[in-house]
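Each chain, written out:
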Amino acid sequence: MAPQAPRAVLRCSVVIVGGGPHALAALAALVGGDGKSPVRGTVAVIDPGSHFLDAWYGRFRALEIDRLRSPAYVHPSAFEPTALVEFAIREGRTAELEAAPVAVQWMPTTDHRPEHADSSGASLLKALPSSALFRDFCASLEAELPHKWLRGTATRVARAGGGGGGGGSSFRVQYSAAGEPHELREVEAAALILATGPVGAWSIPPPFAPLLSAASSACGRVLHSEQLLTQGRGTLREEVARRSGGDGGPASVLVIGGGISAAQAALTASRAGHRVVLRSRRPLQSRPFDIAVGWLDVRHADRLRFEYLCLPPTRRLQAIRDATAGGSVPAPYLEEL
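Notes on the structure in this doc start here.

Conventions used here
Starting from 1, residues in each chain are numbered consecutively following that chain's sequence as written. pLDDT decides what is reported in this predicted model: residues at 70 or higher carry local features, side-chain atom pairs at 80 or more are listed and counted, and totals for whole chains, interfaces and linings draw on all residues regardless. Hydrogens are left out, water is left out, and the side-chain values use all remaining heavy atoms of the structure. Numbering of helices and strands starts at the N terminus; helices are DSSP runs of H or I of at least 4 residues and strands are runs of E of at least 2. Buried, partly exposed and exposed residues are distinguished by accessible area as a fraction of the type maximum, computed with a 1.4 Å probe on protein chains only: under 20%, between the cut-offs, and over 50%, respectively. Residues are treated as being in contact if the distance between any of their heavy atoms lies within 4.5 Å. Salt-bridge detection follows one rule: a side-chain nitrogen of Lys or Arg within 4 Å of a carboxyl oxygen of Asp or Glu. Each residue after the first adds 1.5 Å to the expected span of a helix. To form a nonpolar core, buried Ala, Val, Leu, Ile, Met, Phe, Trp, Tyr and Cys residues must be joined to one another through side-chain atoms within 4.5 Å. By the convention used here, strands pair only if DSSP detects at least 2 bridges between them. Every crossover in which the path from the first strand over the helix to the second runs clockwise, viewed with the strands pointing away from the viewer, is termed right-handed.

## Observations regarding the overall build of the chain
Summing up its helical and strand segments, the chain has 11 helices and nine strands in all. Expressed as a percentage of its 337 residues, the buried residues of the chain come to 38%. Taking all contacts inside the chain whose residues are at least 6 apart in sequence as the whole, residues at least 24 apart take part in 68%.

What follows is the structure, encoded as structure tokens:
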């Protein structure tokens, strides 16, 4: 069935394509915080999920991840670094903030008050929040930020020409509504934010590529972790049980990868009682966070950010790759592996 012509165009000030943590942070930066919003009018968000971080939560559920890797002041509330800690205090959930296993001393890039410390005096801003605490905090943030949620998948972006704010050209985003893939709709906005996360083909070792097509069925033996999300197959524990015959006995599981997702998959399978081999093309690197601690340390972060922002946009992606230096695994995961 061919897609129908788009309905009447919805006009707004800004449209955000994507519904993950960066999209929520962008919305908070536009309409939240100090009450001096730079946006006059509606901010629309286009995403296939039913709310912000829907796919993000799905990934955490699939791999049974119960705690974030990043400290508690790293969150989508753009103008309030202490907001997550204050939410935990207000809700009586500070026990869900766990001390981060960082060997070096570092200082968070924001001031903290005495109430932001645990019983030992350690800063809760440096602690790692539970997945449930982070989820509930983001849900509360979403509820207080004005926006229009458009559930669907963006299929085309183009310049609309003409008005759209300040006399400049506006953008038109075409999307298919969730549950109605053949019905196209359009949004026109003066500004467009793409918060779609990493894009491109999945990384699949060549010997396994021919086998992956059979993995969509329960009898397939090769699974890409992204299929747990795209096919709604449930948790990795459930999927391994299905693909190994479902008799409840231990299976032999080979996990290929060298980053945190591979480590989480290996640990999930191991905790379920399976025999696991983790294969990486290089030795596993251990770091507490995705990036060097200096990026989170008030004594170094401003300089690092300034140097990054001085780069031309064409070099910034490579700078991000250099800062992360490939996948890494936190020390507690490495010890358990």
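## Quick word on the pattern of salt bridges
Tallied over the full model, the rule gives 16 salt bridges. Residue Asp-290 pairs with Arg-69 through a salt bridge whose shortest N-O separation is 2.7 Å. In this pair, Asp-290 is assigned in the loop between β9 (275-279) and α9 (301-309) and Arg-69 in the loop between α2 (54-62) and α3 (83-90), connecting sequence segments 221 residues apart. Asp-290 sits in the partly exposed class, given a relative accessible area of 44%. The exposure class of Arg-69 is buried, given its relative accessible area of 14%. Between Arg-299 and Asp-297 there is a salt bridge, and its shortest N-O distance comes to 2.7 Å. Relative accessible area serves as the criterion here: at 3%, Asp-297 is assigned to the buried category.

## Here's the deal with helix α10 (residues 313-324)
Here α10 spans 18 Å end to end across 12 residues, near enough to the 16 Å set by a 1.5 Å rise per residue. Just downstream of α10, Ala-325 is the residue with a positive phi angle, here 55 degrees.

## Topic: the nonpolar core
One recurring pattern in soluble globular proteins is that nonpolar side chains are buried together. Ile-16, Val-43, Leu-53 and Leu-97 are the most contacted members of the largest nonpolar core, which has 58 residues in total. Residues in contact with Leu-53, not counting those within four places in the same chain, are Gly-19, Gly-20, Pro-21, Leu-24, Phe-134 and Cys-138.

## Quick notes on the pairing of strand β1 (residues 10-17)
β1 sits mainly inside the fold: six of its eight residues count as buried. Examined bridge by bridge, β1 and strand β7 (residues 180-194) share seven bridges and lie parallel to one another. Across the sheet, the residue bridging to Val-17 is Leu-194, located in β7. Looking at chain direction, β1 and strand β2 (residues 43-47) are connected through four bridges and run parallel. The residue of β2 that forms the bridge with Val-14 is Val-43.

## Looking at the pairing of strand β8 (residues 252-256)
Residue alternation in β8 divides its side chains into a buried set, Val-253 and Val-255, and an unburied set, Ser-252, Leu-254 and Ile-256. Pairing geometry for β8 and β9, over five bridges, is parallel. Opposite Val-253, over in β9, you have Val-276 as the bridge partner. In this fold, β8 hands off to helix α8 (residues 260-271), which returns the chain to β9; that crossover is right-handed.

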